[in-house]
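Results of the structural survey
The primary structure of each chain is shown beneath.
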Amino acid sequence: MKKFGKLLAAGILVLTLTGGSVAFAEQTIDGREGDTSGDVQVNGIIGSFDNTTPGPDPEPTDQWINVTIPTKALFYTTESSNHTEIVAPSYTVTNNSAKGVYVEVSQVKDAQDIAEIDELLINDIELIGSGSTTLVAEELFELGDNTSSSKADTFTFTGTATPTDPDEEVNPSFKLVLSFEPVLD
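Note that the structure is a prediction, hence the values are computed from the model and not measured. (Residues numbered from 1 in each chain as written. Predicted model: local features only at pLDDT ≥ 70, side-chain atom pairs only at ≥ 80, totals over all residues. Heavy atoms only, no water.)

Turning to unusual backbone geometry, a few remarks are in order. The residue after Glu-59, namely Pro-60, is reached through a cis peptide bond having omega -5 degrees. Along the polypeptide, Pro-60 turns up in the loop between helix H1 (2-17) and strand S1 (67-68). Phi angles above zero are rare outside glycine, and Asn-82 is one such case at about 60 degrees. For Asn-82, the position within the fold is in the loop between strand S2 (76-77) and strand S3 (85-87). Judged by its relative accessible area of 47%, Asn-82 falls in the partly exposed class. (Helix = DSSP H or I, 4+ residues; strand = E, 2+ residues; numbered from the N terminus. Buried < 20%, exposed > 50% of the residue type's maximum accessible area, 1.4 Å probe, protein only.)

Right, here's the structure in full:
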């Protein structure tokens, strides 16, 4: 009976730690079929949750998110196109978590001086069209877990512009909001 009490206490601890809101698969023990007992797998998290190593899903599951992104990015026009072609370096997003992560382009905010941009894409997702933000939130890519060869992926900017005066520098800017969601098994 002592063992059962410890098992029950561990189960209550997990439910308490997670707020009792975790949905798990169920099993039915039916004595008519000769079943008189059943096993319940109990997992716990004691101490600080480490999202870089495999373990049970925490509550909230957003604790799995551990991603490295650039703090700044740059796009620019090319002189060879008379400043109508937009290009950019490639930027890397790396997943440090033991779970995969969905990366979404969710918002363009605080846009400044974008009137001369005809089209600006991040990979194949339109951010700006005809001098206005046009983004509809969309998945950029899915990253594998931190042991996977797909734990990192890149983005870049491409597009076109129609400068009022190609010899005059204009500095468009905005904040690109990337959102993340863990890939749960």
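On we go.
Counted by the stated rule, this structure contains 5 aromatic pairs. Look at Phe-75 and Phe-157: their rings are 6.1 Å apart centre to centre, the planes differ by 55 degrees, and that puts the pair in the tilted class. You can see Phe-75 sitting in the loop between S1 and S2 and its partner Phe-157 sitting in strand S11 (residues 157-161), a full 82 residues away along the chain. The exposure classification of Phe-75 matches that of Phe-157, with both residues buried. An aromatic cluster is built from Phe-75, Tyr-91, Phe-155, Phe-157 and Phe-174, whose rings are joined through pairwise contacts. (Phe/Tyr/Trp six-rings, centres within 6.5 Å; stacked < 30°, edge-to-face > 60°.)

Attention now goes to the sheet that holds strand S5 (residues 101-112). As summarised here, the arrangement of the 3 strands in space is S9-S5-S12, forming an open sheet in which the pairing is antiparallel. This sheet does not close on itself; its edge strands, each paired only once, are strand S9 (138-143) and strand S12 (173-182). Between one strand axis and the next, the sheet turns by 30 degrees as a mean value, whatever way the strands run. Both S5 and S12 contribute to a ladder of 9 bridges, which runs antiparallel. Each residue of the ladder has a partner; that of Gln-112, found in S12, is Ser-173. (Pairing = 2+ DSSP bridges. Axes fitted to C-alpha atoms, helices over the stretch in contact; angles between N-to-C directions.)

As a further point, take the layout of surface pockets. The space that makes up the second largest pocket amounts to roughly 820 Å³. Contributing elements (two or more residues each) for the lining of the second largest pocket: S2, S11 and S12. Ranked by residue count, the leading element in the lining of the second largest pocket is S12, at 6 residues. When its residues are assigned to classes, the lining of the second largest pocket shows 20 nonpolar, 5 polar and 7 charged. (1 Å grid on protein atoms, 1.4 Å probe; cavity = no way out; pocket = protein on both sides within 12 Å on 5 of 7 lines; lining within 4 Å. Points joined across faces, edges and corners; volume = space filled by probe spheres on them. Nonpolar A, V, L, I, M, F, W, Y, C, P; charged D, E, K, R; others polar.)

Considering all chains together, one arrives at 3 salt bridges under this definition. A salt bridge links Lys-99 to Asp-57; the nearest nitrogen and oxygen atoms lie 3.5 Å apart. Taken together, the residues Lys-99 in the loop between strand S4 (91-95) and S5 and Asp-57 in the loop between H1 and S1 connect sequence positions 42 residues apart. A relative accessible area of 10% places Lys-99 in the buried class. Relative accessible area serves as the criterion here: at 34%, Asp-57 is assigned to the partly exposed category. For the salt bridge of Asp-110 with Lys-175, the shortest nitrogen-to-oxygen distance reads 3.6 Å. One end of the pair, Asp-110, is in strand S5; the other, Lys-175, is in strand S12, with 65 residues separating them in the sequence. (Salt bridge = Lys/Arg side-chain N within 4 Å of Asp/Glu carboxyl O.)

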